[in-house]
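Structural features, examined
What follows is each chain in one-letter form.
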Amino acid sequence: MANDKGTLRMCEQGHSYYKKSDCPTCPTCEAERKPTEGVLALLSAPARRALENEGITTLLQLAEYTEKEILKLHGIGPSAMPKLRNALEEEGLSFKK
């Protein structure tokens, strides 16, 4: 059923939600799997998924990439970069040059 919120959908876990786009991600499932600590906890769901899909789950792994490489990942936007830079700097790390 479509309305101004979008189309009513149900995920595999049985959560009902509305979406305007064709993105299949359930917001309830995404919120449940969001980490509570670490670099991935700082990010929005799309940015977190982009890093996870690339196999990046730690700051040491992130430091193996250039900023340009990270920005090319679908889901990483300009607002994620300062968070990533700060997290790296706090651990004495940086993006690869």
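Residues numbered from 1 in each chain as written. Predicted model: local features only at pLDDT ≥ 70, side-chain atom pairs only at ≥ 80, totals over all residues. Heavy atoms only, no water.

Re the side chain of Arg-48
- Within the secondary structure layout, Arg-48 lies in helix α2 (residues 45–53).
- Sequence-distant contacts of Arg-48, that is, excluding residues within four places in its chain, are made with Glu-30, Lys-34, Pro-35, Leu-40 and Leu-43. (Helix = DSSP H or I, 4+ residues; strand = E, 2+ residues; numbered from the N terminus. Contact = heavy atoms within 4.5 Å.)

Re α2
- Taken together, the buried positions of α2 are Ala-47, Arg-48, Ala-50 and Leu-51. Seen from one end, α2 has its buried residues packed into an arc of 160 degrees, which puts them on one side.
- Of the surrounding secondary structure, the elements contacted by the buried residues of α2 are α1 (27–33), α3 (59–62), α4 (67–71) and α5 (80–90).
- Positive backbone phi, approximately 85 degrees, marks Gly-55, located one or two places after α2. (Buried < 20%, exposed > 50% of the residue type's maximum accessible area, 1.4 Å probe, protein only. Arc of directions from axis to C-beta.)

Notes on α5
- The complete set of buried residues in α5 reads Ala-80, Met-81, Leu-84, Ala-87 and Leu-88. The arc that holds the buried residues of α5, viewed along the axis, is 130 degrees, so those residues lie on one side. Among the exposed residues of α5, those pointing more than 90 degrees away from its buried face are Glu-89 and Glu-90.
- Phi for Gly-92, located one or two positions after α5, is positive at around 75 degrees.

Digging into the pairing of strand β3 (residues 16–19)
- Here β3 shows a buried face lined by Tyr-17 and Lys-19 and an unburied face lined by Ser-16 and Tyr-18.
- In this sheet, β3 lies alongside strand β2 (residues 6–10) in antiparallel orientation, the contact comprising 4 bridges. Following the sheet pairing, Arg-9 is matched in β3 by Tyr-17.
- As consecutive antiparallel partners, β2 and β3 are separated by 5 residues, and within that stretch Gly-14 has a phi angle of approximately 95 degrees, a positive value. (Pairing = 2+ DSSP bridges.)

It is worth stressing that arrangement in space is one thing and function is another; only the former is reported here.
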